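Coordinate analysis (summary)
Listed below are the residues making up each chain.
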Amino acid sequence: MNFIINSITLLSSYTIFLSLFMTQFVITSFLIIIFKIPFWQVFGSGPSFVFTGLLLINRVSGSIFEIKKGRWKGALFSVWFILVSSGLLVNYFYRTDGITNLTDEGMVSGFVISQKGRFASGNEISAFIKGDNIEVLKGKRSFIIPAKDGFYPRAFFSYFFSVKKDFSPMFVIKDNEGKVLDTAFLIPEGFSQDNLYFRSPALPHRFYIKIEGRDSLSFRITRGKLTIKKGLVKLNEELEFEGLRVSFPEIKEIFTVRIIHYPGNKVILVGSLIIFLLLFIKGINRLVAK
Amino acid sequence: MIKRVLILTVVFSVLYVIIGLLLEPESLSHYRRWLFGRVEEEASLRQTVLLYNKILTDLYASDGETLRLNDFPASVILKHELYRDLDFLRSRGLLIIYDMADLTFMKLKMRSPFLADVEVYEEWNYIYQKNPSRKIASSIKGFGQGFRYILKRQKTGWLVIEVIPVDIKEPEKRDEFYY
């Protein structure tokens, strides 16, 4: 019996906690810095989960021992650590990260998710420009953010909105009889303007575009290995290539809004605030007692 | 206590790697190649770009003959784009025959164990033929163009996921003879 109690005491000790934490921290940093692997991919790997689980077991049993012995500071730290780890796990399983594009007429693209936790709920996000602001609706929740470049945290840092103002050309592709084959706004892919191109499902061509001013664009039309045509084109000017025509009737202001939802951050932040408040009250009590 | 923590950290790190080997053996083989097999990986990247162009040439010349399609180290999106090009040419009663004159590797960058950029300068000749008679439909033309290949590591090897034309200065030819 004594052996079992001693083993549990050892496994819930701070020595084991620090060693597990150091291992997790060093290997995670190594994988992120040396192998350039995204944090969530490292966090979600098998060995990382095993170590997070061991850390949680260590602190849960540690906190029970500390409460029994009346070591409240240690117990509070353990509870705080459990909260942070749980928050990270919630973030891993329920996070969403995606982009939508808006013009003054509304959304010109759906909410394109780049990262999604295994249990994250749908992508019913809508957004529109309202005066100088952007209103984002997610389920019953509504967020107002300024319609200018910036990074805006909301709802206890559980939502982050990154706004980037850009310009988007509208393209029209016609056949040689003037029949419109395809027309749409060119959506900037991600936040990069390098090598921005669009394709039409009707054609094998790629149209590489770069906005050079309010009314002109540089372009390169390619097909397979060949560059069919390249140069500068003005708005509404028609370009002829391989019996087809392409033109850019207008360039619109477009807002690329990145919406990141980390629901676990609320747990981490609120939990941390309560713990620090308790420590603060305890500190004040001790001062008064002295 | 610090000494004990450091010793345990080393022990746990070994345990971490063992758990990784058991749970995710493929990822670990990627990391091993990245740390100790960089030369082989770079050679493999060059081979993939060469194979991509070789099979691309075959696919165009054979009007999309699917025999070599499974060996083509290209993403599904790139394969679809190629077949759209073949359909476009077929609808105009044409075929294109590419012939690579030269390919110079300019830059090779492995962004991570799973992603790499390869920049090359390619010189090509091409001719249009009538489809299906294969009668010559144009004169032989040639061009030189830089391309950036973006490759993704798969279980079996590298896969080209994007090819973007880039403006690169034509490389100097050192071993060329002129008569």
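Rules and cut-offs
- Residues numbered from 1 in each chain as written.
- Chains lettered and ligands numbered in written order.
- Predicted model: local features only at pLDDT ≥ 70, side-chain atom pairs only at ≥ 80, totals over all residues.
- Contact = placed C-beta atoms within 7 Å.
- Helix = DSSP H or I, 4+ residues; strand = E, 2+ residues; numbered from the N terminus.
- Nonpolar A, V, L, I, M, F, W, Y, C, P; charged D, E, K, R; others polar.
- Domains from an automatic or database assignment.
- Pairing = 2+ DSSP bridges.
- Axes fitted to C-alpha atoms, helices over the stretch in contact; angles between N-to-C directions.
- Parallel < 35°, antiparallel > 145°, perpendicular 65-115°, else oblique.
- Left-handed = near helix turned anticlockwise from the far one by under 90°.
- Core = buried A, V, L, I, M, F, W, Y, C linked by C-beta atoms within 7 Å.
- Buried ≥ 20, exposed ≤ 12 C-beta atoms within 10 Å, placed from the backbone.

1. Regarding the interface of chain B and chain A
Chain B puts 26 residues into the contact, and the matching count from chain A is 25 residues. Every element with two or more residues in the side of chain B that touches chain A is listed here: helix 1 (2-23), helix 2 (25-36), helix 4 (76-91), strand 1 (94-112) and strand 4 (158-166) of chain B. In terms of residue count, helix 1 of chain B provides more of the side of chain B that touches chain A than any other element does, 10 residues in total. Considering only residue class, the side of chain B that touches chain A consists of 15 nonpolar, five polar and six charged.

2. Description of the domain arrangement of chain A
All names here are of chain A. For chain A, the domain assignment lists domain 1 (2-95 + 279-289), domain 2 (96-164 + 255-261) and domain 3 (167-253). Spacing between the C-alpha centres of domain 1 and domain 2 amounts to 33 Å. No other element matches helix 5 (residues 72-94), which puts three residues into the side of domain 1 that touches domain 2. In terms of residue class, the side of domain 1 that touches domain 2 is made up of four nonpolar, no polar and one charged.

3. Comments concerning the sheet that holds strand 4 (residues 125-130) of chain A
Pairing between the strands of a sheet comes from backbone hydrogen bonds, and it takes one of two forms, parallel or antiparallel. All names here are of chain A. Pairing within the open sheet is antiparallel, and its three strands lie in the order 4-5-6. Among the strands making up the open sheet, the edge pair consists of strand 4 and strand 6 (141-146). Averaged over all adjacent pairs, the angle separating strand axes in this sheet is 20 degrees, with direction ignored.

4. A short note on the sheet that holds strand 12 (residues 216-223) of chain A
Residues and elements named next belong to chain A. Spatial ordering of the open sheet is given by 10-11-12-13, a layout of four strands whose pairing is antiparallel. At either margin of the open sheet sits one strand with a lone partner, and together these are strand 10 (197-199) and strand 13 (226-234). Adjacent strand axes in the sheet meet at a mean angle of 20 degrees, parallel and antiparallel pairs treated alike.

5. Quick notes on the packing of helix 4 (residues 46-69) of chain A against helix 5 of chain A
Residue and element names in this part refer to chain A. Relative orientation of the contacting elements helix 4 and helix 5 amounts to 155 degrees, with a least axis distance of 8 Å. By the angle between their directions, the pair helix 4 and helix 5 is classed as roughly antiparallel. Considering how the two elements wind past one another, helix 4 and helix 5 form a crossing that is left-handed. Contacts from Thr 52, Leu 55, Leu 56, Arg 59, Val 60, Gly 62, Ser 63, Glu 66 and Ile 67 of helix 4 reach helix 5 at Gly 74, Ala 75, Ser 78, Val 79, Phe 81, Ile 82 and Ser 85. Residues that form the contact of helix 4 with helix 5 fall into these classes: eight nonpolar, six polar and two charged.

6. Comments concerning the nonpolar core
Leu45(B), Val49(B), Val118(B), Tyr149(B), Leu151(B) and Val160(B) are the most contacted members of the largest nonpolar core, which has 21 residues in total. Take this core: its biggest share by element is six residues, from helix 3 (residues 38-61) of chain B. Other than its neighbours up to four places away in sequence, Leu45(B) contacts Leu108(B), Ala116(B), Val118(B), Leu151(B) and Trp158(B). Counting residues in each nonpolar core, the second largest holds 15 residues, with Ala127(A), Val136(A), Tyr159(A) and Phe161(A) among its members.

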